[in-house]
Each structure stands twice: as structure tokens, then as C-alpha cells.
Amino acid sequence: MVRLYVRLYMPNGNMKLWHGRFEAAPSKITEEISESISFDHALYKVDIRASLAHARMLAKIGVLTADEFKKIEGGLTQVRAEIAEGKMAFSAALEDIHMHVEARLTEIIGDTGKKLHTGRSRNDQVAVDTHLFVREALIEHRTDMVSLLAQILKLAEENFGVLWIGYTHLQIAQPVLLSHYLLAYFWQFARDLDLLDFVIQSTNQSPLGSAALGGANYPIDRQMTAHELGFAAPYPNSMDAVANRDYQLNYHFWATRLFLHIARFCEDIIIYNTTEFGYVTLSDAVTTGSSIMPQKKNPDIAELLRGKAGRVNGNLQALVTNLKGLPLTYNRDLQEDKVYLFDSVKQARQGLLGLKEILLNIQFNEARVLENLSRGFALATDIADFLVREKNTPFRDAHAVAGNAVAYCEKNQKRLEVLTKDDWQKIAGFAVEFPAGFFQPQQSVSRRQGDGSTNPTAVTEQLALARSFIIGHDSQG
Ligand code: ARG
């Protein structure tokens, strides 16, 4: 076989961009395994933005002429428009988005297009693209998080004074204000917003200019590209820059923790929405029907968001497992990272918007809550504390007396608030008389003391703290 030594890449031909040292084409399954265009086309905008920065820098250091840069700039702009309009046909033969953009650019502007990749590798290219992608996703999530927080706060403000039940072990524990319950979720998402700002920081160095792993053979200006792309600085180490996926790990952990909070909230809502509880009603906008049981109105959106917590945790675990034991620097395993990333970005968006939608379509039924409060002996702790305060009973003994009272009520099918002096004589061995209104849950809530408690004054202060958290985080972090 005569080998043709001078084979140049032609965009329309069958040859790969890296064909030079190869004699035969890859097998079909190799091509199928190799390709990432079926998913990484999602990077096209950031890929082209990074290419423009790279080309502008090449022109500044004299590797490209001003005229060549203009051509490349025009060509890349056209490629971006073509992809946006769905005009570009993707092919596994061209592997990934980077090759597609370069091949099409060369088709449009000719040989100048082949100069774009000077001093660059797909290793730093894909790294810079994913840094930009994660940062953009987080900026969008940030807006959605602030608006979710605002909706929770709005409900907490509008429902100030409404009573709710605090649970432990899913057993009735104590009356609380509904606002206090809602704010408990507010602070979870507030911490997720702080974590989001930390994760954005971890995308803040530019890998561009690291080339394959050791830097480029040109006097490239990494400060210039880093600055143009909005990074704080270039990575100080080119090997770390192409191998690092910590910013994606951070992203996945953030998404997983966010979803743990979403899933707990959804779980509460699903339980409270049952006929048995009836504390909340979800409107038609966020419920769906059954194909067989006509009476059903299921909280499917809350259930799906709960389910997605498993999915995003799966993506976190997938990346952790992928990265474990990878030798430095770039390995093709890393191509898979984008599958997890794109999926979790989509889930996080749906999670934030979906939960907000649920909270726009929820109604709280205080009457059902009040019924259960009295059935569930939620004021037993108040009784114990009353005995401590008024009778100087040691708390442990007071706890036993209140416990006996609950047992007495269960046996005699009574509620704590209807027990007579006589009953108390039997239960405690001494007469106990409670002041008027003692058993009103509103009074129980007001008896709670201290910052951070469900006392209405403390909750009012908490509402103010929540409001100033939102104001402090409303702009870009
Ligand atoms: N599509 C590849 C990825 O996503 C680009 C990097 C390819 N680099 C290489 N050395 N083969 O990781």
C-alpha cells in the first residue's frame, strides 16, 4: 500500500481533524462511543465565545493578522447563528462541538479557519467552555433562587398569626406559627444561595491557554483571554487547569443539597395534602389526575421534585466515581462529565421553578390544624412548664404529671383542656387550676421565648431578617 504522506484536512472530506498520523478510519462503534456532539452541542455559545477571545488574543500577539482575525470573527458569528437557527447538521464523524465549529468555520472562510486552533487544545477548550457554562447556569439559578425565597417570605408574611403544628417523628409536637414553619425552609434555601455564590467563585479561573497540558508554544496572553471571558485570573498551573473538575463537583453538591431541601419541603406538602391531614390544598395548576380513579387529584409535581433529588445525587455520584483515580491530566473519561452536568442544570432549574409554582398554588387550612392540635395533646409541654413555674415542681416531676394527664385523657377519651379540678387532683395528687385561655394554641405560641423561637415577636424579627437577606442578595453576588 502506498501511503500518501501529504494529506491535508478538508472539511467536507471523510478525514478527521486529527487524521495526520492515522491510516485507517475508526470503526463504527469507536465513532459511536467517541462522539459527544449528541449532548455537547449545548456548549456551542460558550465555545464560540471562548474561540473569539482566543482568536483576538492570537491577533494581538501577531500569530494572526488583523485581517485573519476579522475573517475568523465573521465566520464564527455566522456559525453561531446557524447553530442557533438549527441549520447545522451534527455528525458523529466530527465527534464534538469543538470540531463542528472549526470544520464549519473552515468551510465558510477557507484556510484561515484552520489557524484558529493555534496554541490551543481541546483539553483547555472544553475546560474553559464548561467553566463558562457552569457559571452561566448558576447566574440563572441565582435569579430563580431569589424569587423562590421571595415567594416563601411572602407566604410567611401573609399568613402571620396562622397556627401550625410542629412535628418530630411525624408525631404532633407543639403549636408553632405557620410563618415560623415556612421560614424554616426559607433559611435552608438561603444557605443554598450562599453556597451557590461559593460555587460561582470556584469557576473563576480561566484554563484557556493551558493547551494540551503544559502550555502553548506561542507567547500567548492568558491574562487577556481570562479578562475578556470574565474570569478573575488564569489558573496558575496548566496541568491542574485541564484536569480539574472541582467546580463541577461543587455544582453537583450544590444541586444535590438544594434538592434535599426541595424534597423535604415537597414531602411535607405531599403528607399535608392528604385527606387524612388536610392541612394544605394544592390547586389544579400543580396537580394531575388519575387515568382510572376519577376522584384523584395527585400532587405529582411535588412527587417528581422529590424523585429528582435521587437523580441529581446520582449525577454527583457519577462524577465522583468518574474522577476517582484518574491520572493527571486529561483523560477521555472526562468527556462524560457533561452528561451529568447538563442533566443536573436542567433539573435544578425545574426544581426551583417547580417549587415556586407549588407555593403559588397552595392554600393553608388552619381549621384542620387546630383540630389536630387539640387531639394530639400538643400542650403537654406547656402543662409541665406551668407546674414548674407556678407550683415550683421540679421539671422531671412536672413532666411525669403532664404525662399522666395525657394517659388519663387517653383512657377516658378526654382532651387536656376539659380536665376539671377533680381530674387534676386524681392525676397530680394536688389541685391545679389553669388561667383562662391557657389552652389556646395562640397562647402556647406566645409563651415560647427567645430569638429564633416561634414567639410572634421573635417571628416578626425573623421576618425582618429574612427580608434583609433577600435585599442583600437580590443583585449579583
Ligand atoms: N469532546 C472532548 C471532551 O469533551 C474534548 C476533548 C478531547 N480531547 C482529547 N484529548 N481527545 O472531553
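Asks: Sorry, what's going on with the overall build of the protein chain here?
Replies: Across its full length, the protein chain holds 18 helices and six strands. A globule of 477 residues ought to have a C-alpha radius of gyration of about 23 Å, yet the protein chain, at 31 Å, is considerably larger. With the principal axes as the frame, the protein chain shows a C-alpha extent of 110 × 50 × 40 Å. The burial tally for the protein chain puts 50% of its 477 residues in the buried class. In the protein chain, the share of contacts with a sequence separation of at least 24, taken over all contacts with a separation of at least 6, comes to 74%. Only carbon and sulfur atoms are counted for the fraction: they give 54% of the accessible area of the protein chain, which is about 22900 Å².

Asks: It is not clear to me how the site of the ligand should be interpreted in this structure. Could you clarify?
Replies: Taken together, Ser36, Asp96, His98, Arg122, Asn123, Val126, Tyr330, Gln335 and Lys338 form the complete shell of residues around the ligand. Residue asparagine 123 places a side-chain N or O atom 3.0 Å away from a nitrogen atom belonging to the ligand. Contact distances for the ligand include 2.4 Å between an oxygen atom and a side-chain N or O atom of tyrosine 330. For the ligand, whose unbound accessible area comes to 340 Å², protein coverage reaches 85%. The element contributing the most residues to the shell around the ligand is helix H6 (residues 122–158), with three residues. Broken down by class, the residue content of the shell around the ligand amounts to two nonpolar, four polar and three charged.

Asks: I would appreciate a short explanation of the packing of helix H10 (residues 246–272) against helix H12 (residues 337–360) in the present structure.
Replies: In a pair of packed helices, the angle between the axes and the distance between the axes together describe the arrangement. Running from amino to carboxyl end, H10 crosses H12 at an angle of 30 degrees, the nearest separation of the two axes being 10 Å. Taken as axis vectors, H10 and H12 run roughly parallel relative to one another. For the element pair H10 and H12, the recorded crossing hand is left-handed. Residues Gln248, Tyr251, His252, Trp254, Leu258, Phe259, Ile262, Phe265, Cys266 and Ile269 of H10 form the contact with H12, whose participating residues are Asp337, Tyr340, Leu341, Ser344, Val345, Gln347, Ala348, Gly351, Leu352, Leu355, Ile358 and Leu359. Here the contact of H10 with H12 is composed, by residue class, of 16 nonpolar, five polar and one charged.

Asks: Can you walk me through the side chain of glutamate 102 in this structure?
Replies: Along the chain, glutamate 102 falls in helix H5 (residues 97–109). Of the buried charged residues, glutamate 102 lacks a salt bridge, with arginine 120 as the closest side chain of opposite charge at 4.9 Å. Setting aside residues up to four positions removed in sequence, glutamate 102 forms contacts with Leu17, Gly113 and His117.

Asks: Got a minute to help me understand H10 in this structure?
Replies: Helical geometry: 3.6 residues make up each α-helical turn, so side chains three or four residues apart lie on a common side. Given a rise of 1.5 Å per residue, 27 residues ought to cover 39 Å, and the 39 Å separating the end C-alpha atoms of H10 matches this to within 8%. Burial runs high along H10: 19 of the 27 residues are buried.

Asks: I tried to follow the pattern of salt bridges on my own but got confused; where do I start?
Replies: Once their charged atoms are close, side chains differing in charge can pair, the charge on each being opposite to the other. The final tally for this structure, using the stated rule, is 28 salt bridges. Of the charged contacts in the structure, one is a salt bridge between arginine 56 and glutamate 73, with a shortest N-O distance of 3.2 Å. Linking arginine 56 in helix H3 (residues 44–60) with glutamate 73 in helix H4 (residues 66–84), this pair joins segments that are 17 residues apart in sequence. A salt bridge links lysine 70 to glutamate 73, with the nearest nitrogen and oxygen atoms 2.8 Å apart. With lysine 70 and glutamate 73 both in helix H4 and three residues apart, this pair spans about one turn of that helix. A single salt-bridge network, built from bridges that share partners, covers Arg56, Lys70, Glu73 and Glu228.

Asks: Would you mind going over the environment of lysine 338 with me for this structure?
Replies: Within the element layout of this structure, lysine 338 appears in helix H12. Residue class for lysine 338 comes out buried when judged on its relative accessible area of 3%. Each C-alpha atom of the pair lysine 338 and valine 280 lies 39 Å from the other, and the pair is 58 residues apart in sequence. Aside from chain neighbours lying at most four places away, what touches lysine 338 is Phe39, Asp40, Leu43, Val126 and Thr130.

The rules we used
- Residues numbered from 1 in each chain as written.
- Predicted model: local features only at pLDDT ≥ 70, side-chain atom pairs only at ≥ 80, totals over all residues.
- Heavy atoms only, no water.
- Helix = DSSP H or I, 4+ residues; strand = E, 2+ residues; numbered from the N terminus.
- Rg over C-alpha atoms; globule rule 2.2 N^0.38 Å.
- Buried < 20%, exposed > 50% of the residue type's maximum accessible area, 1.4 Å probe, protein only.
- Contact = heavy atoms within 4.5 Å.
- Areas by Shrake-Rupley, 256 points an atom, 1.4 Å probe, with all protein chains shown as cover.
- Near = heavy atom within 4 Å.
- Polar contact = N/O pair within 3.5 Å; in protein donor to acceptor, adjacent residues only side chain to side chain.
- Nonpolar A, V, L, I, M, F, W, Y, C, P; charged D, E, K, R; others polar.
- Axes fitted to C-alpha atoms, helices over the stretch in contact; angles between N-to-C directions.
- Parallel < 35°, antiparallel > 145°, perpendicular 65-115°, else oblique.
- Left-handed = near helix turned anticlockwise from the far one by under 90°.
- Lys, Arg positive; Asp, Glu negative; His and termini not counted.
- Salt bridge = Lys/Arg side-chain N within 4 Å of Asp/Glu carboxyl O.
- Expected span 1.5 Å × (residues − 1).

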